Amino acid sequence: DMTLSPDGSLILGLVDHRSLWVTPAAGGAPEQVFELDEGGFLMDYPRWSPLGKRIMFDRYRPAGGDIRVVDGL
């Protein structure tokens, strides 16, 4: 699942339901911006905030989950 940032400059990608990466849309090397290191949890459905400064995602495991936010992008 990949999404474009609101200003169109970055592509957000989810890898193995464990880490978030951004890649410049104009080309360049991807950069990991977050890794979920909590055992038993996975992440899904990452989405940009309207201004592109945060990413929200669903942190889940088979018995339930919650929503997390990554700041400072």
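Everything discussed here concerns the structure shown above.
In short, a report on the structure.

Rules of the game
- Residues numbered from 1 in each chain as written.
- Predicted model: local features only at pLDDT ≥ 70, side-chain atom pairs only at ≥ 80, totals over all residues.
- Heavy atoms only, no water.
- Helix = DSSP H or I, 4+ residues; strand = E, 2+ residues; numbered from the N terminus.
- Buried < 20%, exposed > 50% of the residue type's maximum accessible area, 1.4 Å probe, protein only.
- Contact = heavy atoms within 4.5 Å.
- Areas by Shrake-Rupley, 256 points an atom, 1.4 Å probe, with all protein chains shown as cover.
- Pairing = 2+ DSSP bridges.
- Axes fitted to C-alpha atoms, helices over the stretch in contact; angles between N-to-C directions.
- Core = buried A, V, L, I, M, F, W, Y, C linked by side-chain atoms within 4.5 Å.
- Phe/Tyr/Trp six-rings, centres within 6.5 Å; stacked < 30°, edge-to-face > 60°.
- Lys NZ or Arg CZ within 6 Å of the ring centre and 35° of its normal.

**Examining the overall build of the protein**
Helix and strand content of the protein: zero helices and seven strands. Along its sequence from the N terminus, the protein presents helices and strands in the succession β-β-β-β-β-β-β. Across its three principal axes, the protein shows a C-alpha extent of roughly 40 × 25 × 20 Å. A burial count over the protein gives 27% of its 73 residues as buried. Restricting to contacts in the protein with at least 6 residues of sequence separation, those with at least 24 account for 26%. For the protein, the accessible surface area stands at approximately 4,600 Å², while carbon and sulfur atoms represent 56% of it.

**Section: the sheet that holds strand β1 (residues 2-4)**
The strands that make up a sheet are held in pairs by hydrogen bonds between backbone atoms, and each pair lies either parallel or antiparallel. What the four strands build is an open sheet, ordered β1-β2-β3-β4; its pairing is antiparallel. Each edge of the sheet is formed by a strand with only one pairing partner; in this case those strands are β1 and β4 (31-35). The mean inter-strand angle of the sheet, taken between neighbouring strand axes irrespective of direction, is 25 degrees. Relative to strand β2 (residues 10-15), β1 is paired through three bridges, and the arrangement is antiparallel. Of the residues in β2, the one forming a bridge with M2 is G13.

**Quick look at the nonpolar core**
One broad rule of soluble globular proteins: the nonpolar side chains tend to lie buried together. The biggest cluster of nonpolar side chains holds 11 residues, and these are L12, L14, L20, V22, L36, F41, M43, W48, I55, F57 and V70. Listing elements by their share of this core, those giving two or more residues are β2, β3 (19-24), β5 (42-48) and β6 (55-61). Residues within four places of L12 in sequence aside, it is in contact with D1, M2, T3, L20, W21, V22, P46, R47, W48 and I55.

**Focus on the packing of aromatic side chains**
Pairs of aromatic rings are described using the distance from one ring centre to the other and the angle between the two planes. Evaluation of the coordinates by the stated rule reveals one aromatic pair. Measuring from centroid to centroid gives 5.4 Å for F34 and F57, while their planes differ by 40 degrees, and the two rings are tilted. With F34 in strand β4 and F57 in strand β6, this pair connects stretches of sequence that are 23 residues apart. On the basis of relative accessible area, F34 is assigned to the partly exposed category, the value being 27%. Directly above the aromatic system of F41 lies the positively charged group of R59, at a separation of 3.8 Å from the ring centroid.

**As for the environment of P50**
For P50, the location among the structural elements is in the loop between β5 and β6. Residues P50 and D7, spaced 43 residues apart in sequence, show a C-alpha to C-alpha distance of 9.4 Å.

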